[in-house]
Amino acid sequence: MGRVYNFSSGPAMLPQPVLEKVQSELLDWRGSGMSVMEMSHRGDDFTGIAERAEAALRRLLDIPDGYRVLFLQGGATAQFSMVPMNLLRGSSADFIDTGIWSKKAMAEAAHYGKVRLAGTGEAQGFTRVPAQEVLDFDPAAAYVHYTPNETIGGVEFSYVPDSGSVPLVADMSSTILSRPMDISRFGLIYAGAQKNIGPAGLTLVIVREDLLGEPITGTPTVFDYRVYADNASMYNTPPTFAWYIAGEVFAWIEGEGGLSAMGERNQRKAAKLYALLDATGFYRAPVAQDSRSWMNVTFSLVDEALDATFLAGAEMVGLKNLKGHRTVGGMRASLYNAMPEAGVDALVEYMREFERTHG
Ligand SMILES: *Cc1c(COP(=O)(O)O)cnc(C)c1O
């Protein structure tokens, strides 16, 4: 089988030109006689790879001075602990609860201090994010945490919450780099790489410098942001190969026209799928219009008895991993940057045809 359209929520598709480049450099990276996997992380070759990746990310996101970029491990899940260990300082943190990932972050933070709900979408079954007007922030909170895109529910904020002077912390695992964003609105952003950045194993943190440096007593060295900031993320061996591929993904995004081009393309991709869902009684889109994710489009077949046939037929034509998360059921099409527009067109065509033959 050739390459398929992989709609997985993560690990997800990588841009094919990146995979081809990595393949061509796999045995001998640019005359070094070795693979990036085999290089010392402290040698000149890898230091250059690491610095160029960070510089490209800074250009893409227009990261202001005064913010540090950290290349970590442990996934977004490790950040559920690392954020409160470093930022909570025995105080209280506000959380906006929008579903499974925000709940997990809140549960971990509760080990280190007080957590308080500043807003929740629970009453609507997490099919809509709370509006800014109903958010209720504690001005004394150490930070406000939210999940701009709930990957499982397919629920996304169309706005950046205004938390006043309280630092805003965002789990951007499934939305970073999908469109332009204003980094200065945030105190800290984190993201596991395997959705829109690169391979699993790398976690990015972008943090405002003034938030570094006072972790709770007993914090292990490898969970202290300051240690990474002071050591160019090389206090210990970083995930070198994932870092290198992330750099190649950043270069690919720049070559494609940067984040505004990504944003336009991603909006168009999502709109095509939602237009189909809205135009039929055969499929159903559970998420409210104003909270629909561009990255993870959730939908179901009104007749659930057809789910297995739908999925099997999709697999046959190279449309893979459309099954929704086990906790919500139905279907989910993840449309990260690397999903070509042709993949969405193929899915739309398959869904039209499936409705025609089974509706
Ligand atoms: C995937 C995901 C996570 C979990 O990421 P890991 O890298 O597996 O720890 C957390 N939050 C969000 C929003 C995600 O999409």
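Predicted, not measured: the structure shown is a model, and the values here were computed from it. (Residues numbered from 1 in each chain as written. Predicted model: local features only at pLDDT ≥ 70, side-chain atom pairs only at ≥ 80, totals over all residues. Heavy atoms only, no water.)

Right, let's get into the UniProt feature "modified residue: N6-(pyridoxal phosphate)lysine" (unreviewed entry) in the chain. Under the present numbering, the feature "modified residue: N6-(pyridoxal phosphate)lysine" (unreviewed entry) in UniProt falls on Lys-195. Looking at the secondary structure, you find Lys-195 in the loop between strand 9 (188–192) and strand 10 (203–208). Lys-195 sits in the buried class, given a relative accessible area of 13%. Not counting chain neighbours up to four residues away, the residues in contact with Lys-195 comprise Ser-9, Gly-10, Ala-12, Thr-151, Ser-173, Ser-174 and Tyr-336. (UniProt positions renumbered as here; feature names shortened; annotations may be inferred. Helix = DSSP H or I, 4+ residues; strand = E, 2+ residues; numbered from the N terminus. Buried < 20%, exposed > 50% of the residue type's maximum accessible area, 1.4 Å probe, protein only. Contact = heavy atoms within 4.5 Å.)

On inspection of all chains with the given rule, the structure shows 3 cavities of 30 Å³ or more. The space that makes up the largest cavity amounts to roughly 70 Å³. Contributing to the lining of the largest cavity are 13 residues, with Met-13, Pro-15, Lys-195, Asn-196 and Ala-338 lying nearest its centre. (1 Å grid on protein atoms, 1.4 Å probe; cavity = no way out; pocket = protein on both sides within 12 Å on 5 of 7 lines; lining within 4 Å. Points joined across faces, edges and corners; volume = space filled by probe spheres on them.)

Time to look at the site of the ligand. The ligand sits among 13 residues. The nearest are Thr-77, Thr-151, Asp-171, Gln-194 and Lys-195. In the environment of the ligand, an oxygen atom lies 2.4 Å from a nitrogen or oxygen atom belonging to the side chain of Thr-151. Lys-195 places a side-chain nitrogen or oxygen 2.7 Å from an oxygen atom of the ligand. Protein chains bury 86% of the 390 Å² of accessible surface belonging to the ligand in isolation. (Near = heavy atom within 4 Å. Polar contact = N/O pair within 3.5 Å; in protein donor to acceptor, adjacent residues only side chain to side chain. Areas by Shrake-Rupley, 256 points an atom, 1.4 Å probe, with all protein chains shown as cover.)

Another point: the environment of Gly-187. One can find Gly-187 in the loop between strand 8 (168–171) and strand 9. Between the C-alpha atoms of Gly-187 and Gln-289, which are 102 residues apart in sequence, the distance is 28 Å. When residues no more than four places from it in sequence are discounted, the contact partners of Gly-187 are Tyr-67, Pro-167, Leu-168, Ile-206, Val-207, Arg-208 and Leu-211.

Our focus in this paragraph is the nonpolar core. Counting 56 residues, the largest nonpolar core has Leu-61, Ile-176, Leu-177, Ile-197, Ile-206 and Phe-250 as the members making the most contacts within it. No other element matches helix 6 (residues 240–255), which puts 9 residues into this core. Counting residues domain by domain, this core receives three or more from each of domain 1 (17–255) and domain 2 (258–358). Leave out the neighbours within four places in its chain, and Leu-61 touches Ile-176, Leu-177, Met-181, Ile-183, Ile-206 and Leu-259. Core analysis: the next-biggest nonpolar cluster, separate from the first, contains 29 residues, Phe-7, Ala-270, Leu-276 and Leu-335 among them. (Core = buried A, V, L, I, M, F, W, Y, C linked by side-chain atoms within 4.5 Å. Domains from an automatic or database assignment.)

Along its sequence, the chain is carved into domain 1 (17–255) and domain 2 (258–358). Once you take the C-alpha centre of each, domain 1 and domain 2 turn out to be 27 Å apart. With 25 residues of domain 1 at the contact, the number on the domain 2 side is 25 residues. If you look at where domain 1 meets domain 2, you find 1 salt bridge. Arg-128 is the salt-bridge partner of Asp-290, the closest N and O atoms lying 3.3 Å from each other. If you look at where domain 1 meets domain 2, you find 16 residue pairs in polar contact (both at pLDDT 80 or more). (Salt bridge = Lys/Arg side-chain N within 4 Å of Asp/Glu carboxyl O.)

When the UniProt feature table is mapped onto this chain, "binding site: L-glutamate" (unreviewed entry) is found at Ser-9 and Arg-42. These annotated residues cover 34 residues of sequence, and their C-alpha atoms reach 33.4 Å apart at the extreme, placing them across more than a single site. Mapping Ser-9 onto the fold places it in the loop between strand 1 (5–6) and helix 1 (16–24). Look past the residues within four positions of Ser-9 in its chain and what remains in contact with it is Thr-151, Lys-195, Asn-296, Arg-332, Ser-334 and Tyr-336. A distance of 3.2 Å separates polar atoms of two side chains, one belonging to Ser-9 and the other to Arg-332.

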